[in-house]
Amino acid sequence: MGSSNNGLPPSANTGEDNRPVEIVLASWVDRFVAWLTDFIIVSIGLGVLFALISFPFWFSFYSNDMVLDRRNFEPFHYLLSSLAFFGYWTYFEHTSGQSIGKRLLKIKTTNLSGNRVDIKSAAVESFGKSFLLPIDVVLGWLFTNNKRQRIFNKISNTIVIKLRPRDEPPENIRYRKD
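Since the model is a prediction, treat every value here as computed from it, not as a measurement. (Residues numbered from 1 in each chain as written. Predicted model: local features only at pLDDT ≥ 70, side-chain atom pairs only at ≥ 80, totals over all residues. Heavy atoms only, no water.)

Engineer: Give a description of the environment of Y88 that names residues and reports values.
Structural biologist: Within the secondary structure layout, Y88 lies in helix α2 (residues 74–95). Overall, Y88 belongs to the buried group, its relative accessible area being 12%. Setting aside residues no more than four positions away along its own chain, Y88 makes contact with D38, V42, S99, I100 and G101. (Helix = DSSP H or I, 4+ residues; strand = E, 2+ residues; numbered from the N terminus. Buried < 20%, exposed > 50% of the residue type's maximum accessible area, 1.4 Å probe, protein only. Contact = heavy atoms within 4.5 Å.)

Dropping the structure here:
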């Protein structure tokens, strides 16, 4: 009888000789590149959205007497952008464990056992990335543990793992129609 990984991620080693499960943690560099990729993608989307929304106002409020003061919109812009990032990361971390950036880097957010993250844990983990990333990362590095967790990873009991490449399929596969 062949061995099965019982729903564990491809990075888990579940040998039949009772060896412990091995989960490969993603590097800080891979995590940063995935975050940067997501940041660029979502920022471009938000830029296009904000431009479309504000386009009608460009012509109606532009005069020497009525110039919009951009500083009045910065807190609102930060809040809307952070909420968009929060929604983006919460959705992807909960549904597949992988945002677009994480898919490209072949890394994934899981719980401590290597399984899918529930919606509450995904929201807690994403909150730190969306609203408090510098604090979250710096404190995570200062108080790091052997699981490479940011502070909000620790609070949500999540880790980021490196996915192993899938084994090549055997050459002698036969297909049969039903």
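Engineer: Give a description of the pattern of salt bridges that names residues and reports values.
Structural biologist: Counted according to the given criterion, the structure contains six salt bridges. Of the charged contacts, one joins K162 and D30 as a salt bridge, the two residues approaching to 3.2 Å between their closest N and O atoms. In this pair, K162 sits in strand β2 (residues 158–162) while D30 sits in helix α1 (residues 28–60), placing the two residues 132 residues apart along the sequence. The class for D30 is buried, based on a relative accessible area of 17%. Linking K102 and E93 is a salt bridge whose minimum nitrogen-to-oxygen distance equals 3.1 Å. Overlapping salt bridges, with partners in common, bring together E93, K102, E125, K129, D136 and R150 in one network. (Salt bridge = Lys/Arg side-chain N within 4 Å of Asp/Glu carboxyl O.)

Engineer: Pulling in residues and values, what's your account of the packing of α2 against helix α4 (residues 119–131)?
Structural biologist: At their nearest, the axes of α2 and α4 sit 8 Å apart, and the two run at 145° to each other. Both α2 and α4 take part in a crossing whose hand is right-handed. Residues Y78, L79, S82, L83, F85, F86, W89, T90, E93 and H94 of α2 form the contact with α4, whose participating residues are I119, A122, A123, E125, S126, F127, K129, S130 and F131. Among the residues making up the contact of α2 with α4, the classes are represented as 11 nonpolar, five polar and three charged. (Axes fitted to C-alpha atoms, helices over the stretch in contact; angles between N-to-C directions. Left-handed = near helix turned anticlockwise from the far one by under 90°. Nonpolar A, V, L, I, M, F, W, Y, C, P; charged D, E, K, R; others polar.)

Engineer: Outline the pairing of β2, supporting the account with residue identities and numerical values.
Structural biologist: Among the five residues of β2, four are classified as buried, and the element is accordingly described as predominantly covered. As judged from the five bridges shared by strand β1 (residues 107–111) and β2, these two strands associate in the antiparallel manner. Looking across to β2, one finds that T109 is bridged to V160. (Pairing = 2+ DSSP bridges.)

Engineer: Can you explain the packing of aromatic side chains? Please cite residues and give values.
Structural biologist: Here the structure, examined in full by the defined rule, presents 11 aromatic pairs. For the ring pair F39 and F85, a centre distance of 5.4 Å and an interplane angle of 5° mean the geometry is stacked. Of this pair, F39 sits in helix α1 while F85 sits in helix α2, and the two are 46 residues apart along the sequence. Residue F39 is classed as partly exposed on the basis of its relative accessible area, which comes to 35%. Note on F85: relative accessible area 7%, which makes it buried. Here F86 and F127 contribute two aromatic rings whose centre-to-centre distance is 6.5 Å and whose plane-to-plane angle is 80°, an arrangement assigned as edge-to-face. On the criterion of sequence distance, the pair formed by F86 in helix α2 and F127 in helix α4 is long-range, its members being 41 residues apart. Classification of F86 as partly exposed rests on a relative accessible area of 22%. (Phe/Tyr/Trp six-rings, centres within 6.5 Å; stacked < 30°, edge-to-face > 60°.)

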